[in-house]
Structures are given as C-alpha cells and as structure tokens.
Amino acid sequence: MSPDSGTNVVWLGSPGFPEAAHTALGDPQLRRNLRKATTTIRDKRLAVTGELDDWEQLREAGAATKRHTLRHLDRYLLRLEDSVTKAGGVVHWAADAAGANRIVTELVRATSAHEVVKVKSMATQEIGLNEALEQAGIRAYETDLAELIVQLGDDRPSHILVPAIHRNRAEIREIFQREMGAWGRPAPDGLTDEPRALAEAARLHLRDKFLRAKVAVSGANFAIAETGTVGVVESEGNGRMCLTLPETLITVMGIEKVLPLWQDLEVFLQLLPRSSTGERMNPYTSTWRGVTPGDGPQAFHLVLLDNGRTATLADTVGRQALACIRCSACLNVCPVYERTGGHAYGSVYPGPIGAILTPQLVGVEHAATLPFASTLCGACYDACPVKINIPEVLTHLRAEVVEAKRAKRRVPGAEALAMKAATAVLASPRRLSVAQKAAALGGRLVSCKDVIGPLPGPLHAWTDARDTPAPPTESFRAWWQRTHPTGADS
Amino acid sequence: MRIALFITCFNDTMFPETGKAVVTVLERLGHTVEFPLAQTCCGQMHFNTGYRPEALPLVRGFAKAFADYDAIVTPSASCAGMVRENHPLLAQQYGDAALRAAVAEGAPRVHEFTELLVDVLGVTDVGAYFPHRVTYHPTCHSLRGLRLGDKPLALLRAVRGIDLVELPAVDSCCGFGGTFALKNAEISTAMLGDKMRNVVSTGADVVCAADNSCLMHIGGGLSRLRTGIGTLHLAEILASTQGDAR
Ligand code: SF4
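The structure presented is a predicted model; accordingly, all values stated were derived computationally and were not measured.

What counts, and at which threshold
Residues numbered from 1 in each chain as written. Chains lettered and ligands numbered in written order. Predicted model: local features only at pLDDT ≥ 70, side-chain atom pairs only at ≥ 80, totals over all residues. Heavy atoms only, no water. Near = heavy atom within 4 Å. Nonpolar A, V, L, I, M, F, W, Y, C, P; charged D, E, K, R; others polar. Axes fitted to C-alpha atoms, helices over the stretch in contact; angles between N-to-C directions. Helix = DSSP H or I, 4+ residues; strand = E, 2+ residues; numbered from the N terminus. Parallel < 35°, antiparallel > 145°, perpendicular 65-115°, else oblique. Contact = heavy atoms within 4.5 Å. Buried < 20%, exposed > 50% of the residue type's maximum accessible area, 1.4 Å probe, protein only. Pairing = 2+ DSSP bridges. Buried area = accessible area lost by both parts, 1.4 Å probe. Salt bridge = Lys/Arg side-chain N within 4 Å of Asp/Glu carboxyl O. Polar contact = N/O pair within 3.5 Å; in protein donor to acceptor, adjacent residues only side chain to side chain. Expected span 1.5 Å × (residues − 1). Domains from an automatic or database assignment.

Draft legend 1. Up close: the site of the ligand. What surrounds the ligand is the set Cys324(A), Ile325(A), Arg326(A), Cys327(A), Ser328(A), Cys330(A), Ile353(A), Cys384(A), Pro385(A), Val386(A), Ile388(A) and Ile390(A). Of the residues in the shell around the ligand, the class split is 10 nonpolar, 1 polar and 1 charged.

Written out as structure tokens, the structure reads:
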C-alpha cells in the first residue's frame, strides 16, 4: 500500500467512533429522521425479498460469483481492459487516490472544460475527486438529488444510497433556498417543503447543467470482462442524462466491481434493487460499451482504482468486504447505525460495511475503533445480498487492532492487562473458584438490597444506566460440590 | 447418554440458579447430569474483544474438561456458538494437530439447552407450571447465531399456566454486545432504552431469554427504572413447578 493510499477514505480529524456517536445520540431530530428512514426501507426490503422463492439461491449465486471473480481478479481485469479498448474506450490504472485524481484532472483539462457533471459514485467520494478537481479550477456538480443536498449544504454524506438521510424536508428546503443561487439557477420563489416541490426545484436547477456539460464523471456498479460493458443502476434518471448527453465520459471504478459475464447480471440486477431500495427493479439501468459513433459520448475513459484493494485481497478473511455491491441493506438493518447515523463512522463508507471496509483500505491503526462499533448482532450478515459475513470480519479485524497495539507499545495497556489477568483466572478452576468467593464478598460490600447501583471509576459506563445483581454467596460449582460430594466428577 | 453441563463462567459466578434449573429439568426428564469440575470458560469475551491468543488456553481447557461426554449442554446461546464456531477457528489458527482434532470432535457435541431438549431429546413439554405473563426476547446469538428459531417458544408454549405475550420489534438487538456495552456505552444504553420500552409495552411480569448476559443488561435497566418487571432465564421457567416468579 502506498503511503497516501486511502487517505481520503477516512475524514481527517474525525474522533473515534464512541466520541463521534455522542453528538448524534444527543440529537433527537436526527434520531427520529434515521429511525423513520431505516425502518421504512427495512420493511420494503423484507417484502420484496420475501416474495421470491429463490432469494437464498440468488444470494448464494451472487456470493459464489464474487468469490470466484476476486480469486481471479487479475485475469478478469486484463480481460476487461482488452474488451473496453476494443470497444473504443481507454482504460487507465490508478494505484491510489492521488493517482486517480491526477488521471481524471488531466483528462478533463484535455477537453478544456471547466466543469463536469457527476453521477452519484462512492469511488469518486472515496478518492476526494471533487476537492481535487476544485484545486485544478474545475467545478464538479453532483446531480443525484441526495448528493446535491449534501453538496449544497457543504455537508458530508451519511449513507451509501441516501447520502442526505440525516436531513429532513424542512432542512432541505432551507438549503435549496440559501445555496442554489450560488451554484446556478436559484430555487423558485415560495418553495415549500413538499417532496414534489423540492424535486422540481432540483430538476430545474440541474437541467441547465446537463444541457451545458461537456464532460461527465461517473462511478460504476459493474463492468463486464467478457464484453467491456459498464453499467450504472439508479432511480432518478439524472445518471442517464450524464451518461448520454456530454461528449466525454470518465468512469472511476474500484477494481473489485468487475464481473466475468454479461449473464452474471441476471443475478446482480435482482439482488441489488431489492436489497437497496426495496424495489423489484430500479427505474434506470444504463449500460454502455466503449463509444458508438453518432450516439452518446464520443470519448470514454475507464479509470480502474486500487486504493488499498489489493492489500485487502491478500487477507483471506477480510477480502469478503470486496464482494460488496453497495446496496446499503446492512446500514438499514444495523441497530448501531440506526442510533448514530453515518457521520460517526468518520468515513465515506459508514455502517457495517464501513466498519469492515474502511479499516482494511486505510490500515486498522487508522480506524481502530470501527471494528468495535458493533454488537455482533448479525443482522447485517442476514441482510447482505452477497452473504458477506460481517461479524466474522469484525472479530477478525478486532484481533488485528489488538495485535497492532501490542506491536506498538512495549508496556501493555489496561485492557490488555485485564484480558491477560482474566485468562490467568479462567484457565484454572481453582483460581476461578477463589475469584468467585472474592466477587461475592466484594458484591456484598458495594450492594444495597442485593443490587449494585451506580459505581465510580471505569465501571460507571455499565452502572450509569443499569443495576447489577450482587453476586450470589454460593457459586454453581460450590453448590455442586456441596450437594454432590462423592460424584464421579468431584 | 452421558450429559455434561457446561455452566459457563458467567452463570457459574452470577447466576447459579440457572444451572440448577437445567439440572432440575433434565433430571425430571429422567437423565443424569454430570458437572466436570475442570471446566471454566469458553473464551468468548477474549475472542470477541480481539484477544485471540489469550483465548487459546481456554479452548484447550474446554476440550480437555469435556472430552468424555456424549452431549454437552449449556444454558447460553452465545457460549454454545463460541465453542461450535470459533473454537475450531482458534485451534486452526494457533493450535497443534492434537488440539485441532479434539476440537473438531468435541465442538459438535455442544448443545444450547433448548437445542438439547427439542432436537436431541425430542421433548417440548417438560412438565413446567408458571402462572405469569411472560415475554421472550430472542438474543441475537439465539436468533441469528444458532438459529434456535421456534424451539424456545415451543418449550414455553407447553408450560402450564403461562401467559406468553409477543415482544414488539422482537428481533432487534438489546444493545449488550459484551464489551460493546463498555466501549460504546451510550449507544448500548440507547438500544437498551428501546428494548425496555417494548418490554414494558407487553405488560409482562417477566422477560426471559436463552442468555443471562443480555438478560442482566435488560434487567439492569428495568430495575434502575423501577419497572417491577423481572428477568429470568428460560431454563428457570421450564424448571418451575411452583409458579413462583422471582
Ligand atoms: S456489505 Fe452487503 S449489505 Fe452491506 S452494502 Fe455491501 S452488499 Fe450491501
């Protein structure tokens, strides 16, 4: 991994997860927005996945295809390069964020355009493309409604699919009224916070940009090695505008998005919309191969982005995260995400997938609290359309965080000492029995009517909100030994 | 069949009544339960917190303590899951050939209490009487880890006198998560708050589950708020013939 790879994946200066979550938990409006949004989409997803008899087989097929492709990624990427080139596109390889940004900037400059329209894309967010373009004097306009809200509000995305999920209608109206004028066509007078009115304001604002733009930048949901077909799946049609109207199209895609065959879409175009928006089929699916004379963009560039992915691929447990199709089902079902929202994860990839992907892309030491941002409840694993065992990867990464800390400090920290001490006690039945007697005595000293109330010191995190029963005077093993004095096991 | 009880270190220390209840139910069904005194802990806390090498002596100890039994029963869904899923993984990662073999042979013999009753012994009516309003919280390890499904409810439905009420948002996590409750205390508490609201809305006298760890978390909150709702391990309801709700 090169030194700057993945630096844009995490937002610099973000506090650890527990501290960042504190802000979100203290915001009742945000918690209401999140709860409403996540529970609605959860129910929709359950309805459309439940109606298919072969949903489990589809998941298995999707997981198997991804497993196979990742195992032979080198081969499929070369095949993709070949077929895209044959179809008239140009393939560029970017080792890291800086490399990808350089490539895109130069491509835009070569067209002498000073602005680009953008299709919603995680990969370009991951590399911080908009900021890089801005430094080169090129303005990037987000055209996805939720991305537009985030961009106008000078905000950060908090969800993979609905980046402005933390905003409600009233806030959106306020952002449109305040900011649209500075970016182009202002919001209409007397704008209300009716969803229809807000969408219309965005439509008018964006139409100017679609008609004017010479260059579009997109991500990709998939690219087919066999045919060189690249595809974007969306709901609003803004993507279709960007992909067809401008003269030049630049697509930035993580290397893990390649699929072997056109036929593989049969599986993924069922898995994605049902898991993502809870729809049977999404409204717009755009696919294209290279360039077609007289139809659509006449120059097509595909930038293949590594940015920490090959390093992730080397980890046989952690590589599952690269199978992700960015549907966001794991976010929507996650009880932790529901309470904290996306910003607490301090990364463009929030929620359960963020907790396993971000630390791998940037190195566990740069996102050490993320693998612990989960109760391991497993709801994400059940929901994931490609069966990524997120809890398994989380505990795997937790072990890596602990090992990284161990390697760095010569003196073990308090937690490491406590764990070591716990092993020492728990590895011996005799020591455990002594500890149980001490606990019973200690519990009686601090308890009142058999219940332990708030305690000072490190345990306050537990006792602040919960009473704890005082340990019983007799442990189970003591009881057993008393009542089964001559048993075979005594 | 030689049945050994794996009480778990947590129940051993904090909830001995649960272990006694398991013994009571199995003896009532005509089985003899043994308690290997060499047992201690499955290492779940170490594993889930990232301290894998520290868990290895516990994996070794478990394999040794339970080598001679046909079935190992435990009143903890999360510890059963730890032994079955993660002991093989730890043995693979850090152990020698002998340990790998012992774990591969022993792990499948571990059954969570309701699994033993329903799947191995084939009973759902254990002759219990418990005349109280009860709601059941399926812990995440019961629901999505071991996939206990309907087994706990089938056992509860057969209890005489019971008024079993459904818990709203039944499949949502209570927010315990082991060391999560300490590392992310505020989020844990927020999740606990929602779980308690749902429990209170059922009007139940008792909330039960297949894991005392989640129950201690839920019960701790219910007690702090003076709701008057008690928590009881499922095994203790199945052991009851007196109808005495604690
Ligand atoms: S990890 Fe699975 S559920 Fe989460 S976004 Fe990726 S594909 Fe969807």
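Structure shown, so let's carry the discussion forward.
Draft legend 2. Representation of the packing of helix 18 (residues 390–408) of chain A against helix 4 (residues 52–65) of chain B within the structure. At a minimum axis separation of 10 Å, helix 18 of chain A and helix 4 of chain B run at an interaxial angle of 115°. Taken as axis vectors, helix 18 of chain A and helix 4 of chain B run roughly perpendicular relative to one another. For the pair helix 18 of chain A and helix 4 of chain B, the contacting residues are Thr395(A), His396(A), Ala399(A), Glu403(A) and Arg406(A) in the first and Arg52(B), Pro53(B) and Glu54(B) in the second. Considered class by class, the residues forming the contact of helix 18 of chain A with helix 4 of chain B number 2 nonpolar, 2 polar and 4 charged.

Draft legend 3. Layout of the environment of Trp479(A). For Trp479(A), the position within the fold is in helix 22 (residues 476–483). Relative accessible area serves as the criterion here: at 15%, Trp479(A) is assigned to the buried category.

Draft legend 4. View of the sheet that holds strand 8 (residues 230–233) of chain B. Residue and element names in this part refer to chain B. Here 4 strands make up an open sheet; going across it, the order is 6-5-7-8 and the pairing parallel. Across the chains shown, the open sheet's two edge strands, defined by having one partner strand only, are strand 6 (163–165) and strand 8. Mean inter-strand twist for the sheet, computed between neighbouring axes without regard to direction, equals 35°. Both strand 5 (residues 133–136) and strand 7 (residues 206–209) contribute to a ladder of 3 bridges, which runs parallel. Paired with Thr-135 across the strands is Val-207, a residue of strand 7. Packing of helix 12 (residues 212–224) onto the sheet brings it into contact with strand 7 and strand 8, and relative to strand 8 it is tilted by some 170°.

Draft legend 5. How the structure looks around the pairing of strand 3 (residues 71–74) of chain B. Residue and element names in this part refer to chain B. Residue alternation in strand 3 divides its side chains into two sets, Ala-71 and Val-73 and Ile-72 and Thr-74, and both sets are buried. Examined bridge by bridge, strand 1 (residues 3–5) and strand 3 share 3 bridges and lie parallel to one another. Each bridged residue has a counterpart across the sheet, and for Leu-5 the counterpart in strand 3 is Val-73. In this structure, strand 3 lies alongside strand 4 (residues 110–112), joined through 3 bridges in parallel fashion. The residue of strand 4 that forms the bridge with Ile-72 is Val-110.

Draft legend 6. Region of the structure containing the interface of chain A and chain B. At the interface, 62 residues of chain A touch 62 residues of chain B. Of the roughly 5500 Å² buried between chain A and chain B on both sides combined, carbon and sulfur atoms contribute 61%. Summed over the shared surface of chain A and chain B, the number is 8 salt bridges. Arg147(B) is the salt-bridge partner of Asp382(A), the closest N and O atoms lying 2.6 Å from each other. Along the contact surface separating chain A from chain B lie 29 residue pairs in polar contact (both at pLDDT 80 or more). It is helix 18 of chain A that contributes the most residues to the side of chain A that touches chain B, 7 residues altogether. Here the side of chain A that touches chain B is composed, by residue class, of 32 nonpolar, 16 polar and 14 charged.

Draft legend 7. A look at helix 5 (residues 97–110) of chain A. Taking 1.5 Å as the rise per residue, helix 5 of chain A with 14 residues should run 20 Å; its terminal C-alpha atoms sit 20 Å apart, in good agreement. Considered for burial, the residues of helix 5 of chain A that qualify are Ala97(A), Gly99(A), Ala100(A), Asn101(A), Ile103(A), Val104(A), Thr105(A), Leu107(A) and Val108(A).

Draft legend 8. Spotlight on the domain arrangement of chain B. Residues and elements named next belong to chain B. Examined at the domain level, chain B breaks down into domain 1 (3–120) and domain 2 (133–239). Computed from C-alpha coordinates alone, the two centres of domain 1 and domain 2 are separated by 22 Å. In this complex, domain 1 contributes 28 residues to the contact, which on the side of domain 2 involves 21 residues. Of the roughly 1900 Å² buried at the junction of domain 1 and domain 2 (both faces included), carbon and sulfur atoms supply 67%. There are 1 salt bridge connecting domain 1 and domain 2. Residues Asp-119 and Lys-151 are paired through a salt bridge, measuring 2.9 Å at the closest nitrogen-oxygen approach. Here domain 1 is connected to domain 2 by 12 residue pairs in polar contact (both at pLDDT 80 or more).

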